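What follows is the residue order along each chain.
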Amino acid sequence: MLTMVGGAVMGGAIMSLPWEDEVVYGMDRDTTTVLEHLQPLSNEKYSRSTVYFDSHSVRCEAWFYEPSVQTRRDMDLGRAPPVVVMAHGLGSQKDMGLHPYAEQFAASGLAVLAFDYRGFGGSDGWPRHDVNWRKHLEDWEAAVEWVRAGGLGTSRVDPSRLALWGVSYSGGHVLCTAASLGPDRVKVVIANEPYLQAQRAVTQLIQERGVLPLARALAVAMNDKVRGLLGLPPAYIKLIGRKGELALLQLSDEEMEQVQRPTPARQGGWRNLTTARMLLGAAAYSPITMVDQIRVPVLMVAGTKDDVCPVGLAREAVARIGPKARLIERPHAHIELHRHGADPENLKPVIEFLQEQLGGVVVDAAPAGPLAHTAESQFG
């Protein structure tokens, strides 16, 4: 069996995989389409503008949400507000469901920087849609250091009171970033349905898909890796798909129905694709191994029906962190939890946790009215 798997992998590395009709070669970035949802925003609660910072000499784009003068006056902030740095999860970008979270944070007196990883959304970088956890962590650190260096202006935010917010894959990223940068740079962490352990993910892949389908995916990954070394266009597979499809994540029919509804076009020409090479490095990423190094308060939110990022691992991570960590469990599956996470009743304890730990703002309920609505699906 191992010989067969090895043969398939090596064959994929040197051939163009002519039998694979689910592989897409090359992906261009759309820089010309004007999208309404990307425009600056301003209302009585907050404003949103576009800003840029560099990560390893590549320009990254971000949205900056700033509490309005009225919001700061109503809450008697007295000084520049704390800032929450956020980015999306696996293969996603800032215009895919982060806005409902960010606007409610801003309307509650918290500034927000929501950024795109290199190769996604409004950020530069090639190849596009390369889900590379090492590069993602570099982008997180670059965003934090830019804010702390005064990139947003010290009169507009207080960089000494900085929080991290992540979801799914980036839920693991924020834990690793907090562990790496330490309490002098990061003061609090929000990890929603966090990805925590590669070993569990690999075991689940083998159990659900079997050895031969996994060998097929690895063959495409090796092929993509070699194409990268040769300077050829990347080989892409689906980010999400149904059971049996060549996809990074295989979702149930119920979850696929949640993400396959009509949705607006996304910045940069987002497509349901990821570089296949990411499969080769993903097994080395287990954020749970770093959580015992975290020295700041952590709030985790996990779904009791989540098969992608199981609640059991979240419980273990909270136990490892110790009394500084809290866990909120909700009766949702993975995609569903993100969609309902921005419901005012669900976001209220998160906002209160941030306000409690960061200080300087009035603890109040999440804003109601036009700001209160369900987040979009992570992938739709």
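- Identification of the chain as Serine aminopeptidase S33 domain-containing protein from Volvox reticuliferus is taken from an unreviewed UniProt entry.

1. Observations regarding the overall build of the chain
Thinking step 1. Looking only at helices and strands, the chain has twelve helices and 13 strands in total.
Thinking step 2. Considering the chain as a whole, with its 380 residues, one finds that 57% of them fall into the buried category.
Thinking step 3. The contacts of the chain with a sequence gap of at least 6 include a subset with a gap of at least 24, amounting to 77%.
Thinking step 4. For the chain, the computed accessible surface area is about 15300 Å², with 53% contributed by carbon and sulfur atoms.

2. A word on helix α12 (residues 344-358)
Side chains of residues three or four places apart in an α-helix project in the same direction, reflecting 3.6 residues per turn.
Thinking step 1. The end-to-end C-alpha distance of α12 is 20 Å, a good match for the 21 Å that 15 residues give at a rise of 1.5 Å each.
Thinking step 2. What α12 keeps buried is the set N346, L347, V350, I351, F353, L354, Q355 and L358.
Thinking step 3. Backbone geometry just after α12 places G359 at a positive phi near 70°.

3. Observations regarding unusual backbone geometry
Leaving glycine aside, a negative phi is the common case for residues, and trans is the common case for peptide bonds.
Thinking step 1. The omega torsion of the bond from W126 to P127 falls at 5°, within 30 degrees of zero and hence cis.
Thinking step 2. Relative to the helices and strands, P127 resides in the loop between β6 (111-115) and α4 (133-148).
Thinking step 3. Phi at H56 is positive, roughly 55°, even though this residue is not glycine.
Thinking step 4. Within the fold, H56 resides in the loop between β3 (46-55) and β4 (58-67).
Thinking step 5. With a relative accessible area of 51%, H56 lands in the exposed category.
Thinking step 6. Of note, the phi angle at E193 is positive, near 35°, even though the residue is not glycine.
Thinking step 7. Mapped onto the elements, E193 comes out in the loop between β8 (188-192) and α6 (198-209).

4. Things to note about the pattern of salt bridges
Thinking step 1. Under the definition given, this model contains 17 salt bridges.
Thinking step 2. Here R29 makes a salt bridge to D124, at a shortest N to O gap of 2.7 Å. With R29 in the loop between β1 (24-25) and β2 (41-42) and D124 in the loop between β6 and α4, this pair connects stretches of sequence that are 95 residues apart.
Thinking step 3. With relative accessibility at 31%, the residue R29 sits in the partly exposed group.
Thinking step 4. D124 gets classed as partly exposed once you look at its relative accessible area, which sits at 25%.
Thinking step 5. The shortest N-O distance in the salt bridge between E145 and R185 comes to 2.7 Å. With E145 in helix α4 and R185 in the loop between α5 (169-181) and β8, this pair connects stretches of sequence that are 40 residues apart.
Thinking step 6. Residue classification places E145 among the partly exposed positions, given a relative accessible area of 33%.

5. So, the sheet that holds β3
Thinking step 1. The strand order across the open sheet formed by nine strands is β2-β3-β4-β6-β5-β7-β8-β12-β13, and the pairing between neighbours is mixed. The outermost strands of the open sheet, each flanked by one partner alone, are β2 and β13 (325-330).
Thinking step 2. The sheet contacts of α4 involve β3, β5 (83-86), β6 and β7 (162-167), and relative to β3 the element is tilted by about 115°.

6. Some thoughts on the packing of α4 against α5
A pair of packed helices is captured by two measures, namely the crossing angle of their axes and the spacing between those axes.
Thinking step 1. Packing of α4 against α5 brings their axes to within 10 Å, and their N-to-C directions diverge by 60°. Accordingly, the angle class assigned to the pair α4 and α5 is oblique. The interaxial crossing formed by α4 with α5 has right-handed handedness. Side by side, α4 and α5 meet where W133, H136, L137, W140, E141, V144 and E145 of the first sit next to Y169, S170, H173, V174, C176, T177, S180 and L181 of the second.
Thinking step 2. When its residues are assigned to classes, the contact of α4 with α5 shows eight nonpolar, five polar and two charged.

Each value, and the rule that gives it
Residues numbered from 1 in each chain as written. Predicted model: local features only at pLDDT ≥ 70, side-chain atom pairs only at ≥ 80, totals over all residues. Heavy atoms only, no water. Helix = DSSP H or I, 4+ residues; strand = E, 2+ residues; numbered from the N terminus. Buried < 20%, exposed > 50% of the residue type's maximum accessible area, 1.4 Å probe, protein only. Contact = heavy atoms within 4.5 Å. Areas by Shrake-Rupley, 256 points an atom, 1.4 Å probe, with all protein chains shown as cover. Expected span 1.5 Å × (residues − 1). Salt bridge = Lys/Arg side-chain N within 4 Å of Asp/Glu carboxyl O. Pairing = 2+ DSSP bridges. Axes fitted to C-alpha atoms, helices over the stretch in contact; angles between N-to-C directions. Parallel < 35°, antiparallel > 145°, perpendicular 65-115°, else oblique. Left-handed = near helix turned anticlockwise from the far one by under 90°. Nonpolar A, V, L, I, M, F, W, Y, C, P; charged D, E, K, R; others polar.

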